[in-house]
Amino acid sequence: MKIAILGGGISGVALARLCAADGHAVTVLEQGERPGGLCKSRRYGEFTFDEAGGHIVFSKDKKVLDWQLARCGGDAGTVRTVRNTKIRWKDRWVPYPFENGVGHLTKDAIVDCMAGYIEAYATRRAGVPCPTNFGDWIDWRMGAGFARHFMVPYNEKIWKCDLRTMASDWVAGRVPEAPIEDIVKSAIGIDTEGYGHQSVFWFPKHGGFETMVRGTVEGGGFRLQCGITVERVERQGTGFRVNGEAFDLVVNTVPLPRIESAFAEIPADIRQDIRALRPISLINLMIGVKLSEPLPPLSWIYLPFPEQGPTNRVTYFSNYSPHNAPAGHGSFLAEVTHRGELKPDAAWVRSVIGALGTAGILHPEHVVLAEWCNNEFAYIYQDLAFKDRISRVRKWFDASGYLTFGRFGRYEYHNSDQCVQRAMQVHEHIRTVARDGTPKPLQLP
Ligand SMILES: Cc1cc2nc3c(=O)[nH]c(=O)nc-3n(C[C@H](O)[C@H](O)[C@H](O)COP(=O)(O)OP(=O)(O)OC[C@H]3O[C@@H](n4cnc5c(N)ncnc54)[C@H](O)[C@@H]3O)c2cc1C
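A. Layout of the sheet that holds strand 2 (residues 25-30). The 5 strands lie next to each other as 9-2-1-13-19, forming an open sheet whose pairing is parallel. Single-partner strands in this sheet number two, and they are strand 9 (223-226) and strand 19 (403-404). The pairing of strand 1 (residues 2-6) with strand 13 (residues 249-252) spans 4 bridges and is classified as parallel. Within the sheet, the bridge partner assigned to Ile-3 lies in strand 13 and is Leu-249.

Right, dumping it as structure tokens:
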């Protein structure tokens with residue numbers, strides 16, 4: 001078959017590689033000057049940075065993890081790290097997840113957190129159902145103390161909204177519940193580990209996270225066309241046309257609001273649903289520093305409080321690979337989410353760095369490089385209407401003969417490993433279409 005894949009992020013190139021290996025003639029159409037999307041990295045002198053905040057290679061799925069590591073050059077091409085993440089809580093370093101670090105708070109805060117947690121635990125035991133909005137879910141699940149001391153300020157910083165306007169179902173499966181014994185142990189000073197699925201992660205030695213994309217494209221056996229904006233997708237007979245070229249199958253991975261106007265036949269109500277899918281955007285500040293001593297062995301840290309500046313997370317990026325920064329230097333990624341327009345200027349950059357200095361993360365006078373990158377589509381804003389809206393959109397696409405997947409191509413809150421997993425599932429679907437010779441509705445688990 002002749003297959004068009006719209007968008008050359010990891011979703012698009014992973015699927016292209018899999019389909020090309022079956023002998024299909026695959027073309028990836030990518031708007032940017034090179035593939036990678038959110039997985040891109042860039043260089044400034046001897047510094048390498050990821051463009052969309054700190055990315056790590058990990059997966060709960062062994063097959064996917066092995067596939068990703070192979071694309072990064074395997075053991076020889078990657079650095080393996082034991083995760084060490086903390087919350088900068090006032091002047092303390094509290095281990096993450098927060099419930100497992102509660103013993104590191106002040107005594108007053110420990111009492112607040114534990115009293116609230118016990119109350120919430122009893123409420124849940126009494127059968128009070130899981131609230132449908134995120135704000136109430138935090139209270140229901142963690143209690144008022146954990147909410148006040150971390151969950152609410154941190155999440156308000158990321159999502160920039162009243163948390164009661166957000167749905168809770170996306171987080172319910174994402175945040176594993178710590179056993180109550182662990183929380184009590186932690187409160188009295190016995191360290192507990194917390195959930196383990198990211199306890200070890202990998203990162204490419206050279207070239208940043210984008211190395212995984214390059215390793216997917218190289219030898220992939222497909223045609224990659226960069227600098228191409230997909231402007232017109234239409235049906236023709238039993239096939240399709242993309243920007244005027246004929247294909248047997250079209251797979252979209254481009255963020256839906258960016259591509260909706262190109263699809264000629266989307267019904268008006270589905271268009272309206274797509275236009276209402278709002279992203280949360282991300283400014284990623286890439287900071288290089290001169291070091292008088294090595295950086296602490298941290299992976300990343302969370303900054304929940306407004307007085308720490310607008311940054312919600314800082315990645316200790318030169319700890320991921322020694323090649324991310326030149327000798328005698330270190331590097332950080334500071335993530336700042338926003339809605340709509342935010343155009344950083346020199347004063348804004350200085351103020352963010354100043355706040356990181358006040359929070360004890362870095363010495364502003366040691367900064368030798370500060371650049372930023374805006375990512376319009378970074379996080380999925382899941383308001384209370386999101387679930388119904390996206391299920392109507394997916395249903396239309398899945399029955400249409402067009403396929404759509406990817407973080408914003410399907411609006412699934414997926415990391416790159418889950419994008420690869422989806423690519424594998426879509427690949428299986430395409431195999432059955434090719435074998436039977438008839439299009440069929442896409443069914444994803
Ligand atoms: C802050 C942050 C941290 C993350 N951390 C991790 C992590 O630690 N580990 C991990 O595995 N994942 C992580 N992720 C998730 C990961 O970045 C995404 O899951 C993945 O990159 C999504 O890939 P994609 O191909 O689906 O989408 P994208 O990367 O968005 O690709 C879409 C592509 O479509 C192109 N495009 C747009 N419009 C058009 C058009 N009209 N025509 C043609 N092409 C077009 C874009 O240029 C882009 O290349 C993180 C994401 C964020 C935001």
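B. Looking closely at the side chain of His-149. Note on placement: His-149 falls in helix 6 (residues 144-159). With residues near it in sequence (within four places) discarded, His-149 still touches Trp-89, Phe-98, Ala-109, Asp-112, Cys-113 and Phe-305.

C. Up close: the site of the ligand. Taken together, 34 residues are adjacent to the ligand, and Ser-11, Glu-30, His-55, His-414 and Ser-416 come closest. A distance of 3.4 Å separates an oxygen atom of the ligand from a polar atom in the backbone of Gly-37. Taking Arg-407, its main chain carries an N or O atom lying 2.9 Å from an oxygen atom of the ligand. Compared with its free state, where it exposes 1,000 Å², the ligand has 94% of that area covered by protein. No other element matches helix 14 (residues 416-436), which puts 3 residues into the shell around the ligand. Within the shell around the ligand, the residues separate by chemical class into 14 nonpolar, 15 polar and 5 charged. Built from parts of two domains, the shell around the ligand gets at least three residues from each of domain 1 (2-37 + 210-277 + 383-436) and domain 3 (279-380).

D. Geometry of the pattern of salt bridges. For the structure shown, the criterion picks out 26 salt bridges. Taking the shortest distance from any N to any O, the salt bridge between Glu-341 and Lys-343 comes out at 3.1 Å. An identical accessibility class is assigned to Glu-341 and Lys-343; each is exposed. Between Asp-436 and Lys-440 there is a salt bridge; the shortest N-O distance is 2.5 Å. For Asp-436, a relative accessible area of 41% gives the class partly exposed. Overall, Lys-440 belongs to the partly exposed group, its relative accessible area being 27%. Each member of the salt-bridge network shares a partner with another, and the members are Glu-33, Arg-34, Arg-42, Glu-51, Glu-210 and Arg-214.

E. Spatial organisation of the side chain of His-429. Summarising the element assignment, His-429 is placed in helix 14. Within the structure, His-429 has its side chain in polar contact with the backbone oxygen of Lys-440 (distance 3.3 Å). Among all residues touching His-429, those that are not within four sequence positions of it are Leu-403, Lys-440, Pro-441 and Leu-442.

F. Spotlight on the pairing of strand 3 (residues 41-44). Sheet topology note: the strand 3/strand 4 (residues 47-50) ladder contains 4 bridges and is antiparallel. Among the inter-strand pairings, Ser-41 is bridged to a residue of strand 4, identified as Asp-50.

G. Looking closely at the packing of helix 11 (residues 268-275) against helix 13 (residues 386-400). Relative orientation of the contacting elements helix 11 and helix 13 amounts to 130°, with a least axis distance of 9 Å. As far as their axial angle goes, helix 13 and helix 11 are oblique. Viewed along their axes, helix 11 and helix 13 form a crossing whose handedness is left-handed. Taking contact as the criterion, the partners of Ile-270, Asp-273 and Ile-274 in helix 11 are, on helix 13, Arg-389, Arg-392, Val-393, Trp-396 and Phe-397.

H. Quick look at the domain arrangement of the protein chain. For the protein chain, the domain assignment lists domain 1 (2-37 + 210-277 + 383-436), domain 2 (96-187) and domain 3 (279-380). A straight line from the C-alpha centre of domain 1 to that of domain 2 covers 37 Å. Taken together, the contact pairs 5 residues of domain 1 with 10 residues of domain 2. Taken together, the two surfaces of domain 1 and domain 2 that pack against each other cover about 550 Å², and 53% of this comes from carbon and sulfur. Among the residues of domain 1 in contact with domain 2, Asp-383, Leu-384 and Tyr-413 are the three that bury the most area, contributing 83% of the side total. The tally of links between domain 1 and domain 2 comes to 1 salt bridge. Asp-169 is the partner of Lys-387 in a salt bridge, and the nearest nitrogen-oxygen pair spans 3.7 Å. Between the two partners, domain 1 and domain 2, sit 1 residue pair in polar contact (both at pLDDT 80 or more). Among the residues making up the side of domain 1 that touches domain 2, the classes are represented as 2 nonpolar, 1 polar and 2 charged.

Reading the values: rules and limits
Residues numbered from 1 in each chain as written. Predicted model: local features only at pLDDT ≥ 70, side-chain atom pairs only at ≥ 80, totals over all residues. Heavy atoms only, no water. Pairing = 2+ DSSP bridges. Helix = DSSP H or I, 4+ residues; strand = E, 2+ residues; numbered from the N terminus. Contact = heavy atoms within 4.5 Å. Near = heavy atom within 4 Å. Polar contact = N/O pair within 3.5 Å; in protein donor to acceptor, adjacent residues only side chain to side chain. Areas by Shrake-Rupley, 256 points an atom, 1.4 Å probe, with all protein chains shown as cover. Nonpolar A, V, L, I, M, F, W, Y, C, P; charged D, E, K, R; others polar. Domains from an automatic or database assignment. Salt bridge = Lys/Arg side-chain N within 4 Å of Asp/Glu carboxyl O. Buried < 20%, exposed > 50% of the residue type's maximum accessible area, 1.4 Å probe, protein only. Axes fitted to C-alpha atoms, helices over the stretch in contact; angles between N-to-C directions. Parallel < 35°, antiparallel > 145°, perpendicular 65-115°, else oblique. Left-handed = near helix turned anticlockwise from the far one by under 90°. Buried area = accessible area lost by both parts, 1.4 Å probe.

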